Amino acid sequence: MMKATDLMVECLENEGVQYIFGIPGEENIDFVHSLASSDQIQFVAVRHEQGAAFMADVYGRLTGKAGVCLATLGPGATNLLTGIGDANLDHAPVVAITGQAGLERMHKESHQYIDVVAMFKPVTKWSIQVKRPETIPEIVRKAFKLAEMEKPGAVHIELPEDMAADDIDKKALPKTELPRTVPSAESMKKALELIAASKKPFIIAGNGVIRQQASKELQAFVESLKAPVAHTFMAKGVLPPDHPLNMYTVGLQMKDYVLCGIHEADLIIAVGYDFVEYLPIYWNENDPKPIIHLDTLPAEVDEHYPVAAELVGDIQSALGYLTEHHKGAKEWMPGGELHQKLKQELAQINEEASIHLEDGGVRIKLKTVLDEVSKIASDNTIVISDVGAHKLWIARNYQPTLPNRVVISNGFASMGIAVPGAIGAKIACPDDPVICITGDGGFLMNGVEIETAKRLGIAFTILLLNDSKYGLIDWKLKNRFDASYGVEFENPDFVRFAESFGIVGMRVSHVTELETALKKALSMKEIVLVEIPVDSEENLKLSQHLGKLVCRQ
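Keep in mind the model is a prediction, meaning the values are calculated, not measured.

J.: How should I be thinking about the overall build of the chain in this particular structure?
T.: Helix and strand counts for the chain stand at 21 helices and 22 strands. Computed over the C-alpha atoms, the radius of gyration of the chain is 24 Å, within 12% of the 24 Å expected from 2.2 N^0.38 for a compact globule of 553 residues. In terms of its C-alpha atoms, the chain occupies a principal-axis envelope of roughly 75 × 70 × 45 Å. Per-residue burial over the chain gives 58% buried out of 553 residues. Pairs at least 24 residues apart make up 76% of the contacts formed inside the chain by residues separated by at least 6 positions. Here the chain has roughly 22500 Å² of accessible surface; of this, 50% comes from carbon and sulfur atoms. Averaging the locations of the 54 positively and 75 negatively charged side chains of the chain gives two centres separated by 5 Å.

So, in structure tokens, the structure goes:
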């Protein structure tokens, strides 16, 4: 016999859990006490439950194993929601555990009681309350299976406090490997017929290629077919940036030049593509191209996504089969020297590195910051992007050399992910350098998690881009209404803020100091915050520049 929460911890150990991010509370106190006896699981106490969910989110993305976060009932549970929604829409495996009031008071108005299970249902794959403690082994096993199976996402388990201390005679269920399936022979034949009949196939690689670790198979297929490929924000690194068939990133809602290649194509091969990344209406609206859909699940129904062949199953296996059996390379590239034009655009937009203000100050351009990061960062460096004006530049311009080295909150676009995400990344990949890039708006939402990182003894670099406003919304307001409102604010002294947490703070005041500051920060084996005054006005110029799309065949 053992206490119910001891059994739950045993089940979590059986699933291979090593870290749980969260905040203890009265209603989960038995669970926390049980965790204290675990030699395998480290409980990471955080400063806000949203930070716990983001840490679990990024940990899950980078490892493929479910990250676990913990909160109590009521406000603790509601604080988890943003990070859980982010994980679910971006298909990161996460298991959230919350406490709850006892069953004896759930039928009436009661202190801190709300229906948390119902609240979590829209943002999870499964949300369940433990109603009988003997079901804990089944519930935990099912939770991890659902969280990690394609497409991964978030799962929620609620444990009421009145059964947490119950004695129970059960054991953890054996952990089983997830099955791997392959597309049917009929669907493979149809896909090969479509490829054979096409003259200009174009490949769009999505997040599923990263999740299924199919980058090598994708590259082999691309090189065998000799067809151009573009990747979504969340599939960066699936091809080396200097690959001659790499058309770089697709995903901006404004009309980017890569669309010229898609419009010229006569067949789209979508590999691991998630609709949440970039809706088909943005790239396949007029004269829709037929689609070969290759993914772990059937295609979403969309009038702009006309599926001609549906290959459902393991992406590695399916790409290998297509590479081996398709007949002949296509040997085509989009007209108008598109590839060269894309390379030039990525290299030359905003040739001036900074702008000079009327008061004598200087603001550095976002692209300049990314150029310096690209020059200095090693191949295995993980870049965590917060949400803001800088996200657009990271999504379009920053091209890593390896897959799964850039984490962008895309489907939910959650501000505040960068600092807790960097903690999750560093715990997942302790030997890899981590750079978190955040704006002043997003940083102050969860910047207090610096204390968590400091306590854990981990090291990463924070690039804090300061423009004293919500730059992305400022850009959108000016782009639509030619005026802005309600986006400006004042900031603290960020260097002193950093130093108050016992970490190193630096301030770059001129573009000539940028390279030296970044090199110094990345060489230090501790948390370093580098404040950089930036110009977010260039987003407006970028949108005007790209919005006038002219495809020259």
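J.: Help me understand the packing of helix α13 (residues 366-376) against helix α14 (residues 389-397) in this model?
T.: A pair of packed helices can be characterised by two numbers: the angle between their axes and the separation between those axes. Where α13 contacts α14, the axes come no closer than 10 Å and their chain directions differ by 50 degrees. Classified by the angle between their axes, α13 and α14 sit oblique to one another. Viewed along their axes, α13 and α14 form a crossing whose handedness is right-handed. Note on element contacts: α14 touches α13 through A389, H390, W393, I394 and N397, opposite L366, K367 and L370. Here the residues of the contact of α13 with α14 sort into 5 nonpolar, 2 polar and 1 charged.

J.: What exactly am I supposed to notice about the sheet that holds strand β14 (residues 307-312) here?
T.: The pairing of strands in a sheet happens through backbone hydrogen bonds and is either parallel or antiparallel. If you walk across this open sheet you meet the 6 strands as β11-β10-β9-β12-β13-β14, and the pairing is parallel. With partners counted over all chains shown, the strands left at the sheet margins are β11 (246-249) and β14, one partner each. Across the sheet, the mean angle from the axis of one strand to that of its neighbour is 15 degrees, orientation sign disregarded. The pairing of strand β13 (residues 291-295) with β14 spans 5 bridges and is classified as parallel. What sits directly across from D295, in β14, is V312.

J.: What am I meant to see in the pattern of salt bridges here?
T.: Between side chains of opposite charge, pairing is possible as soon as their charged atoms come close. In the structure shown here, the tally under the stated rule is 24 salt bridges. The partner of D371 in a salt bridge is K367, with the nearest N and O atoms 2.9 Å apart. A residue pair is termed a helical-turn pair when its members lie 3 or 4 positions apart in one helix, as D371 and K367 do in helix α13 at 4 residues. Among the ionic contacts, a cluster of salt bridges with common partners joins E150, K151, R211, D274 and D295.

J.: What should I look at first to understand the environment of G424 in this one?
T.: With respect to the helices and strands, G424 occurs in helix α15 (residues 418-428). Separated by 371 residues in sequence, G424 and A53 place their C-alpha atoms 9.6 Å apart. Setting aside anything within four residues of it in sequence, one finds G424 in contact with M55, V58 and Y59.

What counts, and where the lines are drawn
- Residues numbered from 1 in each chain as written.
- Predicted model: local features only at pLDDT ≥ 70, side-chain atom pairs only at ≥ 80, totals over all residues.
- Heavy atoms only, no water.
- Helix = DSSP H or I, 4+ residues; strand = E, 2+ residues; numbered from the N terminus.
- Rg over C-alpha atoms; globule rule 2.2 N^0.38 Å.
- Buried < 20%, exposed > 50% of the residue type's maximum accessible area, 1.4 Å probe, protein only.
- Contact = heavy atoms within 4.5 Å.
- Areas by Shrake-Rupley, 256 points an atom, 1.4 Å probe, with all protein chains shown as cover.
- Lys, Arg positive; Asp, Glu negative; His and termini not counted.
- Charge placed at Lys NZ, Arg CZ, Asp CG, Glu CD.
- Axes fitted to C-alpha atoms, helices over the stretch in contact; angles between N-to-C directions.
- Parallel < 35°, antiparallel > 145°, perpendicular 65-115°, else oblique.
- Left-handed = near helix turned anticlockwise from the far one by under 90°.
- Nonpolar A, V, L, I, M, F, W, Y, C, P; charged D, E, K, R; others polar.
- Pairing = 2+ DSSP bridges.
- Salt bridge = Lys/Arg side-chain N within 4 Å of Asp/Glu carboxyl O.

By themselves, these figures tell us nothing about what the structure is for.
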